[in-house]
Every structure is written in structure tokens, then in C-alpha cells.
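Results of the structural survey
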Amino acid sequence: MGRRNSGKARGFAWLYIRTVAASVAVMVVLGGAGRFAWGVFVQTPSVPLDRLVTDLREGGLLEGIVPAFDAGGGQDDDIFSGVSSPALLLAEHRRPTFFTFLIVGLTEGLNANTVMLAAYDGEARRGYIVSIPRDTEVDARRNVRKLSSAYAAGRLNGGGHEGGIARLKYEVWTLTGVHADFYVKIDYEAFSRVIDAVGGIEIDVPFHMRYDDPWQNLHINIPAGLQLLDGENALHFARYRMGNDRRNTISDYRRIEHQQQVIAALFGELMTPATILRVPEFISIVSNYTATDLGYTDLMWFANRARRMMSGSFDDALEFHTIPMLGTSGAPRWYELPDGNGIVELMNRTVNPLLRDLTLQDLRLAR
């Protein structure tokens, strides 16, 4: 009986915290006293500077690649098996109020079907989203060296969900030189519910998308033309790869463009005056239907910053990119081959959180 009551108490405590947090968010939007409440309850998120070591430990990746720290908190310069240490464990090497995020969408088979590296620059009030093709070749010790299999490899090797995320973050880091501060695992249900909550998004569908996959219980049927898509159809638009009988097949890069198009449309709707007061509702959906290491107050802080960021021109506030490639390896694996020089250039003008520029020595590419 005591344990049951204790569980109820914790549940009521969590409900109370969430209620207070939601109330603070509304007060912030309304202004006045809300500004004071925001300063008291919602602080700037702390960059988890030790998260790299934690992620590697949970992913079973410590041996041979993690630095030995001295009593003063220092670290060696070349400690990550060929990857020059980016010094991201030390706050003084990082740009102020600059945060990076790994965004991942998983299929039922645990493959990372969508991988994005995002950043928020608090000083410039700008956001960046960089998509990474799922078939990108990575420097990994497994038969299929595609980024899409990183999560499954980390999870199935005994690390569970945290091990899968750690492995994926590690491989994205070796590709880009950027180790994400936080992660958000997108759930299809959350994606659909948020879009439904804003009343749908407007998308110009290039052709009639028809696809049926009974094994996944996936049935796509979206007519061509400019239209308002609900959550389910917006998700289908973002997932579409080929039609029945392989008709209207699109490349993975075209699908990435569709995903970015959906995100841009959703952000545009979230930042309208009609939806600003519903921020707690959207955060609740994210909390209930996604996995993330961002806390509730962290989400509110970023939601408020996104509102400020989007108060100007949308085109100036959020940029979308895809990491550059050299081409494909061809049969039998059909790896996408990353362009190291192009990646370094893109990272340095978008999601690099460090005060110094990244170089090729900060990457560990497969070839």
C-alpha cells in the first residue's frame, strides 16, 4: 500500500510540475508578470558538456576512444582514434547560447530512416537543420556501414535505447565533427498529432502519390496539387519513396526535400499568433509521444526562443541543408559517399558549436 501511495504521490507531483510549467509558459506569452516568472522557473538550458563521455559509455564505446581526464579537467588533443578532439567538453571553447540536436525518425525495424543535425544560435537568433542521407557510409565495424543501421547496432549490442542513440550520435559526430548536445527521437504519432493540432499544413504535392504496403499497414493516397494536409497525410508525404509497381519513384534526396518542406510548413504554423498561446499543448504532445533528453522546462525555453526567432522573416530564421556527397559506391551496397571538404565548409557556417573552425581532422570518414 505504501508503494502504491508513493507512486500516486510522484504522479501528482509530476502533474503539478507540468501544470506550473504550462502556466508559466502562458504568462510568458502574455507578458507582464510572466517575464518575472519565466526568469524564476525557466533558466537557459545547460549544455551537457560531459554528455559525450556518457553517451560513449552507454553505447559500449569507451575503450580506446575516450580521453583520460587530469585533475584540472583537461584532456589530450588526439584521443578519439584518429578524430581530433574538438574540445567540446570545455565550456570556454564553445559559442555562447549555441545548442545542437540530433533528430532521428525510426522505422518499425529500428532503422534510422530520418537523421538530422540541428542547431540553435541564440546570439544570431537563427536555426539550422542539416539532413544526412540514411545510406551515408560511416566508419563502422559491421557488414552494412550505413548510418541508418547505427541505432539498431547500438541497441541490439546490449545498450538498449540509450545505447542506440549513443551509437547514432557517435557516428553522426564522426561524419560531421559535431557531437549533438541533445536528441529528439520523432514518433510518427507525435508528428501527426502536432500537425493536426495546428489545423494541418499546406503542401504542393508534385504528383499523385499512391503506395500500399500491407506489411507496414501503410497506405498512401495523396492527390497532386496545392492542398491542406492533415497529420496522417503529411506523414505519408514525408515518408513517400516510390509508388505501386515502382511508379513515380523519387530519390532519397527528393524525400529529404519533402521532409524539410513539411518541417518548414509546420514551423510556420506553430509561430502564428493563433498557436502561440497553445505552446503548452504542443510541448505536452512532444513530451508524451517522443523520446528526448530535453527536460520540460528546456522545451519551454526553446519554444520561447523559437517564437522570438520567428518574429522576423521566416526565411532569415531557419535554414535547411543536406550534407554534400561525392556520389554513390554503386552495387552491391549503394553507399552514399560523404564529401569531407564540403561537409567541413557546411558545418562551419551552420551547426558548428565551437569557437574555432572544424577541419578534416575532426572527421573520421570511411574512405
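Residues numbered from 1 in each chain as written. Predicted model: local features only at pLDDT ≥ 70, side-chain atom pairs only at ≥ 80, totals over all residues. Heavy atoms only, no water.

Attention now moves to the packing of helix H9 (residues 279–289) against helix H10 (residues 296–309). Where H9 meets H10, the axes come as close as 10 Å, and the angle between the chain directions of the two elements is 130°. One way to sum up the angle between H9 and H10 is to call them oblique. In this structure, H9 meets H10 at a crossing whose hand is right-handed. Counting all contacts with H9, which are made through Val279, Pro280, Ile283, Val286 and Ser287, the residues of H10 involved are Tyr296, Leu299, Met300 and Ala303. Classifying every residue of the contact of H9 with H10 by side-chain character gives 8 nonpolar, 1 polar and no charged. (Axes fitted to C-alpha atoms, helices over the stretch in contact; angles between N-to-C directions. Helix = DSSP H or I, 4+ residues; strand = E, 2+ residues; numbered from the N terminus. Parallel < 35°, antiparallel > 145°, perpendicular 65-115°, else oblique. Left-handed = near helix turned anticlockwise from the far one by under 90°. Contact = heavy atoms within 4.5 Å. Nonpolar A, V, L, I, M, F, W, Y, C, P; charged D, E, K, R; others polar.)

Of all the 9 residues making up helix H6 (residues 231–239), 7 are buried; the element is thus mostly covered by neighbouring parts of the structure. Within the span of H6, buried status applies to Gly231, Ala234, Leu235, His236, Phe237, Ala238 and Arg239. (Buried < 20%, exposed > 50% of the residue type's maximum accessible area, 1.4 Å probe, protein only.)

By secondary structure assignment, the location of Lys185 is in strand E4 (residues 182–186). On the basis of relative accessible area, Lys185 is assigned to the buried category, the value being 18%. Excluding residues that lie within four positions of it along the chain, Lys185 makes contacts with Val104, Leu106, His161, Thr290 and Ala291.

We now examine unusual backbone geometry. With an omega of 5°, the peptide bond between Ala331 and Pro332 qualifies as cis. Along the chain, Pro332 turns up in the loop between strand E11 (325–328) and strand E12 (336–338). Here the phi dihedral of Arg125 falls at roughly 55°; this positive angle occurs in a residue that is not glycine. Within the secondary structure, Arg125 sits in the loop between strand E2 (112–121) and strand E3 (126–131). Owing to a relative accessible area of 44%, Arg125 belongs among the partly exposed residues under this scheme. In this structure, Arg246 is a non-glycine residue whose phi angle is positive, near 60°. Relative to the helices and strands, Arg246 resides in the loop between H6 and helix H7 (252–270). Judged by its relative accessible area of 62%, Arg246 falls in the exposed class.

For the structure on display, the rule yields 10 aromatic pairs. For the pair Phe207 and Tyr240, a centre-to-centre distance of 5.7 Å together with 65° between the ring planes defines the contact as edge-to-face. Taken as a pair, Phe207 in the loop between strand E5 (201–205) and strand E6 (209–213) and Tyr240 in the loop between H6 and H7 lie far apart in primary sequence, 33 residues in all. Judged by relative accessible area, which is 1%, Tyr240 ranks as buried. Aromatic side chains Trp301 and Phe302 sit 5.0 Å apart centroid to centroid with 90° between the ring planes, which places their arrangement in the edge-to-face category. In this pair, the class of Trp301 matches that of Phe302, namely buried. In this structure an aromatic cluster arises from ring pairing among Phe99, Phe101, Tyr120, Phe182, Trp301 and Phe302. (Phe/Tyr/Trp six-rings, centres within 6.5 Å; stacked < 30°, edge-to-face > 60°.)

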